[in-house]
Amino acid sequence: MTLKKLFPAAVILLLTFFMFASLPICASMHDEAAQISVNQAVSDNLPTPETVKYYMFELPSPGKVYLSFNHTNLGHTNILWKLTVFDSDENEMLYFQSSGKDSAGKSMNAYLDKGTYYIRVASGGSSFLHSNTEYKLTVNYAENNGEFEIEHNNEFETATLISELNNPITGNIRTYNDIDFYRITLQSPGKVYLNFKHSNLENGNILWKITLFDSDENEMLYYQSSGRDTNGKSINAYLDKGTYYIRVISGGNSYFHSDIDYKLTVNYAENNGEYEVEHNDSIEQASNIYEINSPIIGNIRTYSDIDYYKFTMPASGRISLSFKHSNLEHGNIYWKIVLFDSSGKDLIRLDSEANDTEVKSGEIKVDKGTYFIRVVSPGYYFHSDIDYTLKVISPDIKPAVKVLLNGKRILFDQPPIIQNGRTLVPLRAIFEAMGATVEWDQKTQTVTASNGEITVVMKVGDNTMLKNGTKITLDVPPQIVNNRTLVPARAVAESFEADVQWDGSTQTVIINH
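None of these values were measured; they are calculated from a predicted model. Within each chain, residue numbers correspond to sequence positions counted from 1 in written order. Per-residue local features are limited, in this predicted model, to residues with pLDDT of at least 70; the limit for side-chain atom pairs, both in listing and counting, is 80 or more; totals at the level of whole chains, interfaces and linings are taken over all residues. As a rule here, side-chain values cover all heavy atoms of the structure and leave hydrogens and water aside.

### Side note on the side chain of Asn299
Link 1 in the chain: Mapped onto the secondary structure, Asn299 falls in strand S22 (residues 296–299).
Link 2 in the chain: Working definition: with a 1.4 Å probe on protein chains only, accessible area under 20% of the residue-type maximum means buried, over 50% means exposed, and in between means partly exposed. Residue classification places Asn299 among the buried positions, given a relative accessible area of 0%.
Link 3 in the chain: Engagement of the side chain of Asn299 in a polar contact is seen with the side chain of Asp387, the distance being 3.0 Å.
Link 4 in the chain: Among all residues touching Asn299, those that are not within four sequence positions of it are Asn236, Tyr238, Glu276, Glu278, Asp305, Asp307, Asp385, Ile386, Asp387 and Tyr388. Per the convention used, a helix needs a DSSP run of H or I reaching at least four residues, while a strand needs a run of E reaching at least two, with both numbered from the N terminus. We call two N or O atoms a polar contact when they sit within 3.5 Å, provided that within protein one can donate a hydrogen and the other can accept it, with sequence-adjacent residues counted only if both atoms are side-chain atoms. Contacts are assigned to residue pairs that have any heavy atoms within 4.5 Å of one another.

Following this line, the structure appears as structure tokens:
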């Protein structure tokens, strides 16, 4: 028989051998495992070097698991027992070794999902690495109430949900190629930064790399933690509402890895108009400056990042720019700031050096309209990701009218105006804040808003509003300003049974609903 004819037969024989050779192990784990209960010790031993013991336990809900393994002190350091925890698909979840001197051993923590798990206890590997001494094995379990990761969470799709922002969640990188994904949801835009804690490992190598992504997998934040960084903090990221993911990985290989527990906290503060909102790297996505003469905070996250802002001048007047940051103690230019009009014409150019803690532009006069500001870094070698504070200053603009709903400011892309003693605000923002869905008919210029119980209909230029079909006369009709439809705030709020007050000293409409 030729070699060519022998080869396929040999391959089939080898595949058959490996397939059937693995069956006894699988069968042993699933069929011979002794049922044990969590948090209760079981006593057993390995009579011979070839003996392998299997145990099975159930987790009724996700939780933290670690193994306790106790035996008498045999006075030497050889590894005599090897313990492995598998899930029901035989993925290794936990590995622990016990030497002759480890009389009271404890494994690392594993943060497991609910389900069935198996433990394999084997000898150290030969007759010289074996003991038939009795051991006590305990599966220690604490229920997960949202404070732990849940394995397997090594993909976006299986990310552990962080349900409570500003509270720590505990996890670990079990092996150097383990990945931990987490998922968060921001209900509204805000400032986010990561806090990453662990015990001091007394070396300066990078052992953890943490990245925050948006739902399109764009990197929004990156942070590294060394063995000595026991309480690290990332830069700030000023994010829009939505779903985000955090990935935690090891430093790169087995030499830059630790399986100790870490605590990750996603710190969040709601944006009430005082921060930029990423992504704002184009004119179309520019962050709103809601109030002239009030500061807004941002940062250039990477050297290629761009921050755009826009603001509306309600009337012609004088303006200038102020730009502040902490002192970086050298003289290179790190920020370039340009103010331009809606046609793209540059009106103000301002450079800020690293040691310029505050720079101000000269004053110019501009007409009523919309304007834009662009903040960039000069390049890779002249970049800082620290926060800056930007302010548009105008001595001719009065303080903006504010609207508070249950103590929280409603933000409008078109500033509210006062007409005939009534405050007019953009329709969609006020209706949606009141919990109503909004429909706009461009042909008839009519807005219909409903919360399921109350339906309100308003028409541009019409002093009559309908509430559940009943006519109500308005002091001021809805109108279009700067391509935005504005409606009377008091009439809208009261139509949805809210209480409305006016604070003239602060120019604030106060709505309680």
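### Observations regarding the layout of surface pockets
Link 1 in the chain: Looking at the largest pocket, its volume works out to about 1,300 Å³.
Link 2 in the chain: Taken together, 40 residues form the lining of the largest pocket, with Lys241, Tyr290, Leu411, Ala429 and Glu432 sitting closest to its centre.
Link 3 in the chain: Elements with a contribution of two residues or more to the lining of the largest pocket: strand S21 (287–288), strand S32 (408–409), helix H2 (427–433) and strand S41 (484–488).
Link 4 in the chain: In terms of residues, the lining of the largest pocket owes the most to one element, H2, which gives five residues.
Link 5 in the chain: When the residues that make up the lining of the largest pocket are grouped by side-chain class, the tally is 15 nonpolar, 13 polar and 12 charged.
Link 6 in the chain: In this structure, the second largest pocket spans a volume of roughly 610 Å³.
Link 7 in the chain: Lining the second largest pocket are 28 residues, with Pro314, Ile397, Lys398, Pro415 and Pro416 sitting closest to its centre.
Link 8 in the chain: Contributions of two or more residues to the lining of the second largest pocket are made by strand S23 (306–313) and strand S33 (417–419).
Link 9 in the chain: For the lining of the second largest pocket, the leading source of residues is S23, giving three residues. Only protein atoms enter the 1 Å grid, on which a cavity is a set of points fitting a 1.4 Å probe that cannot get out and a pocket is an open set with protein on both sides within 12 Å along at least 5 of 7 lines, lining residues being those with an atom within 4 Å of a point. Grid points are joined across faces, edges and corners, and a volume is the space filled by probe spheres set on the points. Under this grouping Gly is polar, as are all residues other than the nonpolar Ala, Val, Leu, Ile, Met, Phe, Trp, Tyr, Cys and Pro and the charged Asp, Glu, Lys and Arg.

### As for empty space enclosed by the protein
Here the idea is plain: a probe the size of a water molecule rolls over the atoms and shows the empty space left.
Link 1 in the chain: Scanning the model with the defined rule gives one cavity of 30 Å³ or more in all.
Link 2 in the chain: Volume-wise, the largest cavity comes out at about 70 Å³.
Link 3 in the chain: Tyr290, Val401, Lys402, Val403, Arg409, Ile410, Leu411, Phe412, Pro415 and Pro416 are the residues that line the largest cavity.
Link 4 in the chain: Split into classes, the residues belonging to the lining of the largest cavity amount to eight nonpolar, no polar and two charged.

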